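# Remarks on the overall topology
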Amino acid sequence: MLLLRRFAGACRRRGFAGIASGVPRETADTVVVGAGVVGLAVARALAMAGREVVVVEAASSFGTGTSSRNSEVIHAGIYYPPGSLKATLCVRGREMLYKYCAEREIPHKQLGKLIVATGVAETAKLDILLKNAKENGVDDLQMMEGSQAREIEPELRCLKALLSPSTGIVDSHSFMLSLLADAENLGTTISYNTAVLSGYVGDEGLELHISESKELDNHSVGSPVSPQLILLPKLLINSAGLSAVPLAKRLHGLNQAFVPPAYYARGCYFTLSQTRSPFSHLIYPLPEDGGIGVHVTLDLNGLVRFGPDVEWIDGEKDDMSCFLNRFDYSVNPTRCSKFYPVIRKYFPNLKDGSLEPDYSGIRPKLSGPGQPPSDFVIQGEDIHGIPGLVNSFGIESPGLTSSLAIAEYIVSRYLR
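Residues numbered from 1 in each chain as written. Predicted model: local features only at pLDDT ≥ 70, side-chain atom pairs only at ≥ 80, totals over all residues. Heavy atoms only, no water.

Helix and strand content of the protein: 11 helices and 22 strands. In terms of C-alpha radius of gyration, the protein reaches 22 Å, essentially the compact-globule figure of 22 Å for 416 residues. Overall size of the protein, expressed as C-alpha extent along the three principal axes, is 75 × 40 × 40 Å. Out of the 416 residues in the protein, the part that is buried amounts to 58%. The long-range fraction of contacts in the protein, counting pairs at least 24 apart against all pairs at least 6 apart in sequence, stands at 73%. For the protein, the computed accessible surface area is about 17,300 Å², with 50% contributed by carbon and sulfur atoms. Here the protein contributes 40 positive and 44 negative side-chain charges, whose respective centroids are spaced 1 Å apart. (Helix = DSSP H or I, 4+ residues; strand = E, 2+ residues; numbered from the N terminus. Rg over C-alpha atoms; globule rule 2.2 N^0.38 Å. Buried < 20%, exposed > 50% of the residue type's maximum accessible area, 1.4 Å probe, protein only. Contact = heavy atoms within 4.5 Å. Areas by Shrake-Rupley, 256 points an atom, 1.4 Å probe, with all protein chains shown as cover. Lys, Arg positive; Asp, Glu negative; His and termini not counted. Charge placed at Lys NZ, Arg CZ, Asp CG, Glu CD.)

Here you go:
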């Protein structure tokens with residue numbers, strides 16, 4: 001209980017009133033659930049707008065889920081349907097992210113990337129991507145013949161390629177650390193190891209039931225977990241990433257018709273076991289079902305990774321385990337057998353035995369196998385009718401790139 005007493009004390013020090021009746025109750029101005037990159041960006045933006053912000057995070061640190069298990073790519077905004085949130089927020093977010101990183105000296109690099117067609121049937125798809133990108137406001141793409149692409153990437157094999165100069169990479173940990181520092185300097189309180197169990201939505205407003213995460217460790221599936229604190233926020237931002245949908249399902253009084261189904265896709269990465277990178281740009285094949293293909297990504301130290309693949313996993317995990325991020329992040333070394341033939345379509349000189357297991361991430365998706373990709377879903381009172389509640393669902397790629405723009409969108413649209 002020590003953590004929650006400190007949390008409640010922080011609320012009181014910030015002028016929030018306490019109401020003692022059984023389980024301690026505290027009022028709060030604004031609560032953000034989830035300290036991933038989007039949650040931190042939203043907390044920072046709300047604090048900049050003058051709100052008193054509390055961030056509640058079930059893990060022991062920030063960004064331990066999807067935010068730290070991705071390619072760390074700054075996307076240009078090429079793939080997403082024109083007019084979609086993914087398209088508009090990616091393009092806007094990319095501009096904001098480059099500016100933010102330059103001003104704060106956050107490690108990043110505008111490497112550029114090549115999207116490649118390795119077969120005749122794929123070349124027409126590049127034309128479609130080029131047209132789509134232009135409609136999204138991405139007007140710096142360059143179509144290249146295979147010979148032109150090989151002039152800048154000699155190890156590459158393709159018939160045609162799209163060069164995206166504005167694609168880059170960023171140190172996501174440094175970025176999140178900066179967002180956290182900004183938010184805390186503006187007075188934001190953050191409580192780690194603190195899980196939101198459920199909530200109520202009623203005529204008197206929002207009510208969150210909160211417990212220390214360790215109380216969830218030994219719970220039996222189906223058995224209730226008693227809250228140690230009840231928090232009464234004026235504004236609640238559900239930015240819980242992988243557990244955003246399960247949390248919304250436990251908000252009693254919210255019409256469940258507005259809560260989409262959740263799907264989970266694991267993506268594994270393998271590193272290239274040699275020091276010298278064969279590429280200076282990011283290399284992407286054409287998109288596949290559930291993702292944008294097993295691609296070449298470089299980190300800021302020049303390490304070469306291939307991934308992620310798409311492995312649909314069982315999402316029927318009990319809510320409490322989901323809140324604690326108990327997903328299987330292991331990388332089966334045998335999966336590399338599927339990587340080699342895919343990668344050799346554009347990198348034929350890949351040697352047998354040169355791929356080593358690295359890490360994996362889970363995508364919080366709103367569409368399943370064989371279904372069209374879903375857009376970001378950001379719902380406020382104008383959609384579900386609940387004052388003070390904002391749910392963000394399906395914030396997968398390009399969530400990192402879009403994070404500052406998502407925060408801007410939420411503040412401009414839902415801040416009263």
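With respect to the helices and strands, S164 occurs in strand β8 (residues 160-164). A distance of 2.8 Å separates the side chain of S164 from the side chain of T167, its partner in a polar contact. Those residues in contact with S164 that sit more than four places away from it in its chain are A76, I78, G112, K113 and L141. (Polar contact = N/O pair within 3.5 Å; in protein donor to acceptor, adjacent residues only side chain to side chain.)

Of all the 5 residues making up strand β6 (residues 113-117), 5 are buried; the element is thus mostly covered by neighbouring parts of the structure. Judged from the 5 bridges that link them, β6 and β8 form a sheet pairing that is antiparallel. Each residue of the ladder has a partner; that of L114, found in β8, is L163. (Pairing = 2+ DSSP bridges.)

With that out of the way, let us pick up helix α9 (residues 336-343). Taken together, the buried positions of α9 are C336, F339, Y340 and I343. Here the buried residues of α9 occupy an arc of 100° about the axis, which is enough to place them on one side. Looking at the buried residues of α9, the elements they touch are β15 (263-272), β18 (304-307) and β20 (355-365). (Arc of directions from axis to C-beta.)

Here we take up the layout of surface pockets. In this structure, the second largest pocket encloses a volume near 330 Å³. Around the second largest pocket, the lining comprises 14 residues; the ones closest to its centre are E122, P285, L286, P287 and E288. Broken down by element, the lining of the second largest pocket gets its largest block of residues, 3 residues, from helix α4 (residues 120-135). Here the residues of the lining of the second largest pocket sort into 8 nonpolar, 2 polar and 4 charged. (1 Å grid on protein atoms, 1.4 Å probe; cavity = no way out; pocket = protein on both sides within 12 Å on 5 of 7 lines; lining within 4 Å. Points joined across faces, edges and corners; volume = space filled by probe spheres on them. Nonpolar A, V, L, I, M, F, W, Y, C, P; charged D, E, K, R; others polar.)

To continue, consider the pairing of strand β22 (residues 389-393). With 5 of 5 residues buried, β22 lies mostly within the body of the structure. Side-chain alternation along β22 places L389, N391 and F393 on one buried face and V390 and S392 on a second face that is also buried. Judged from the 3 bridges that link them, strand β13 (residues 229-238) and β22 form a sheet pairing that is parallel. By the bridge assignment for β22, L236 is matched with L389.

On to the environment of T88, then. Mapped onto the elements, T88 comes out in helix α3 (residues 85-104). Along the primary structure T88 and S337 are separated by 249 residues, whereas in three dimensions their C-alpha atoms are 37 Å apart. Of note is the side chain of T88, whose polar atom sits 3.4 Å from the backbone oxygen of L85.

Bringing the pattern of salt bridges into the picture now. Pairing between side chains of opposite charge can happen when the charged atoms of each approach one another. Considering all chains together, one arrives at 18 salt bridges under this definition. Of the charged contacts in the structure, one is a salt bridge between D319 and R250, with a shortest N-O distance of 3.2 Å. Residue D319 is found in helix α8 (residues 319-323), and its partner R250 is found in the loop between α7 (244-249) and β14 (251-252); the two are separated by 69 residues along the sequence. Judged by its relative accessible area of 24%, R250 falls in the partly exposed class. Where D309 meets R335, a salt bridge forms, and the shortest distance between an N and an O atom there is 2.8 Å. One end of the pair, D309, is in the loop between β18 and β19 (311-313); the other, R335, is in the loop between α8 and α9, with 26 residues separating them in the sequence. Each member of the pair, D309 together with R335, is buried. Several salt bridges converge on common partners, so that one network encompasses R266, D309, E311, D328 and R335. (Salt bridge = Lys/Arg side-chain N within 4 Å of Asp/Glu carboxyl O.)

Attention now goes to the packing of aromatic side chains. Applying the stated criterion to the full structure yields 7 aromatic pairs. The interplanar angle of 70° and the centroid separation of 6.2 Å between the aromatic rings of Y79 and Y80 together place this pair among those described as edge-to-face. The pair Y79 / Y80 is uniform in exposure class, with both members buried. Cluster of aromatic residues (ring-pair linked, three or more members): F279, F306 and F347. Directly above the ring of Y329 sits R69, whose terminal nitrogen or CZ lies 4.0 Å from the centroid. Against the face of Y284 rests K113, its NZ or CZ located 3.7 Å from the ring centre. (Phe/Tyr/Trp six-rings, centres within 6.5 Å; stacked < 30°, edge-to-face > 60°. Lys NZ or Arg CZ within 6 Å of the ring centre and 35° of its normal.)

Turning to helix α2 (residues 37-48), a few remarks are in order. End to end, α2 covers 16 Å across 12 residues, agreeing with the expected 16 Å (1.5 Å per residue, within 8%). By the criterion of burial, α2 is predominantly enclosed, with 11 of the 12 residues buried. Positioned one or two residues after α2, G50 has a phi angle of 95°, which is positive. (Expected span 1.5 Å × (residues − 1).)

One way to put it is that α2 packs onto helix α11 (residues 399-414) with a least axis distance of 8 Å and a crossing angle of 35°. Pair α2 / α11 crosses with right-handed handedness. Seen from α2, the contacting residues are V37, V38, A41, V42, R44, A45 and L46; seen from α11, they are G399, L400, S403, L404, I406, A407, I410 and V411. Its residues placed into classes, the contact of α2 with α11 shows 12 nonpolar, 2 polar and 1 charged. (Axes fitted to C-alpha atoms, helices over the stretch in contact; angles between N-to-C directions. Left-handed = near helix turned anticlockwise from the far one by under 90°.)

What is shown is where atoms sit, not what they do.
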